[in-house]
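Now for the letters of each chain:
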Amino acid sequence: MNSIEGINLEYKIKLKNAKIRTIITFINSIVFFLIYYYLFPKFNLLTSISFVFMICFVIDALNIYTIKYETRILNNRMKEITKEDKEELEKIILYCKGEYIFTENKIYLLKTNISFMYSDIILIYKKYNFSRYFTGQGRSNIVDSIKYDQSLILILKTNKVVRLLYDSSKIKFFNYSYSSLESFLFLKNKKILVGNSEENFEKVRNDYNINITKDKLRYFG
């Protein structure tokens, strides 16, 4: 399952099940509507049941679209990778649907052709959801961290800035379990600076000759 082939197989199974559910809910909504219309025109419960099935049908149809969209993004990205990348992608550590893949040595962004080594990361910091400011609570596991922390901003040696979006419904760890994405990245590269402080930006400028300022990062958070 922790390979591109495994992910595609899982998508095929999910798509098949979603199509079956969509057909069933559509048929049920039509049947209950016809029963109500012809036999029990004053029985409002049947109308409600028909309406519920129709809502389920719309949800299932949207789910089918999402699965196809994520599959297309994944496979379009895979068309651009090299033979070396194919070998690297045989052992996926983390997959964020439609967004990025972590392997043992690299991160692959799926919506662009950007990929980079963990050793290329200079600095990381969190961009929080508003809920973080109201709750003020620490996160004890990866699910909570992803749920409440909107994204992780990465500054690379190539002077690129990358945003890794958090979404607990999209992220799946295959081989590891960590309290947060940044703790995993720090394990891979202990030289990573953590936090968007002026002190860290000054260190980036001095050590890597990269002029990063908070003003430059205003679109990333």
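Here is a short report on the structure shown in this document.

The rules behind the values
Position numbers for residues count from 1 along each chain, tracking the sequence in the order it is written. Reporting in this predicted model follows two pLDDT cut-offs: at least 70 for local features of residues, and 80 or more for side-chain atom pairs to be given and counted; totals over whole chains, interfaces and linings ignore these cut-offs and use all residues. Computation of side-chain values covers all heavy atoms of the structure but excludes hydrogens and water. Runs of E in the DSSP output that reach at least two residues are strands. Runs of H or I that reach at least four are helices, and both are numbered from the N terminus. Working definition: with a 1.4 Å probe on protein chains only, accessible area under 20% of the residue-type maximum means buried, over 50% means exposed, and in between means partly exposed. It only takes one pair of heavy atoms within 4.5 Å for two residues to be counted as in contact. Areas reported as accessible are Shrake-Rupley estimates using a 1.4 Å probe. Residue values count occlusion only from the protein chains shown. Pairs of strands are assigned from DSSP output, requiring at least two bridges between the strands. Between N-to-C directions, angles cover 0 to 180 degrees, with each direction set by a line fitted to C-alpha atoms, over the stretch in contact for helices. In what follows, salt bridge is the name for a side-chain nitrogen of Lys or Arg lying within 4 Å of a carboxyl oxygen of Asp or Glu.

A word on the overall build of the protein chain. Helix and strand counts for the protein chain come out as seven helices and nine strands. The burial tally for the protein chain puts 38% of its 221 residues in the buried class. Look at the contacts in the protein chain between residues 6 or more apart in sequence, and 60% of them connect residues 24 or more apart. Roughly 13,200 Å² of accessible area belongs to the protein chain as shown, and the carbon and sulfur atoms make up 58% of that amount.

Here the focus is the side chain of S151. Its location among the elements puts S151 in strand β6 (residues 151-156). Of the residues examined, S151 reaches a relative accessible area of 0% and is grouped as buried.

On to the sheet that holds strand β4 (residues 115-117). The strands making up a sheet associate through hydrogen bonds between their backbones, and the pairing can be parallel or antiparallel. In spatial order, the strands read β4-β3-β2-β1-β8; together these five strands make up an open sheet with antiparallel pairing. Of all strands in the sheet, those bounded by a partner on one side alone are β4 and β8 (171-173). Taking the axes of each pair of neighbouring strands and ignoring which way they run, one obtains an average angle of 15° across the sheet. One ladder, built from four bridges, connects strand β1 (residues 92-96) with strand β2 (residues 100-103); its direction is antiparallel. Among the inter-strand pairings, I92 is bridged to a residue of β2, identified as T103. Contacting β1, β2, β3 (106-109) and β8, helix α6 (residues 181-188) runs over the sheet at an angle of about 40° to β2.

Let us now look at the side chain of T22. Mapped onto the fold, T22 is located in helix α1 (residues 4-38). Taking the relative accessible area as the measure of exposure, T22 reaches 9% and is therefore buried. What T22 contacts, discounting residues up to four positions off in sequence, is F57, D60, A61 and I64.

Quick look at unusual backbone geometry now. Of note in the backbone geometry, N159 takes a positive phi value of approximately 70° without being a glycine. By secondary structure assignment, the location of N159 is in the loop between β6 and β7 (161-165). Looking at N159, the relative accessible area reads 38%, which means it is partly exposed. Look at N209: it is not a glycine, yet its phi comes out positive at around 55°. Of note, N209 is situated in the segment after α7 (198-208). The class for N209 is exposed, based on a relative accessible area of 72%.

The subject of this paragraph is the pairing of β2. Neither face of β2 is exposed, since Y100 and F102 on one face and I101 and T103 on the opposite face are all buried. Where β1 hands over to β2, the hairpin turn is made up of three residues, of which G98 adopts a positive phi near 75°.

Taken in spatial order, the four strands make up an open sheet running β7-β6-β5-β9, and their pairing is mixed. Either end of the sheet is taken by a strand with one partner, and the two such strands are β7 and β9 (193-194). Bridge count between strand β5 (residues 121-127) and β6: six bridges; the pairing is antiparallel. Its bridge partner being in β6, I121 is matched across the sheet by L156. Across the sheet, α7 touches β5, β6 and β9, and the angle it forms with β5 is around 160°.

Of all five residues in β1, five are buried; the element is thus mostly enclosed. With three bridges connecting them, β1 and β8 associate as antiparallel partners. From the neighbouring strand, C96 faces β8, where its bridge partner is I171.

Using the criterion set out here, one finds nine salt bridges in the structure. Two residues, D85 and K106, come together in a salt bridge whose shortest N-O distance is 3.2 Å. Of the two residues, D85 sits in helix α3 (residues 83-88) while K106 sits in strand β3, which places them 21 residues apart along the sequence. With respect to class, D85 is no different from K106; both count as buried.

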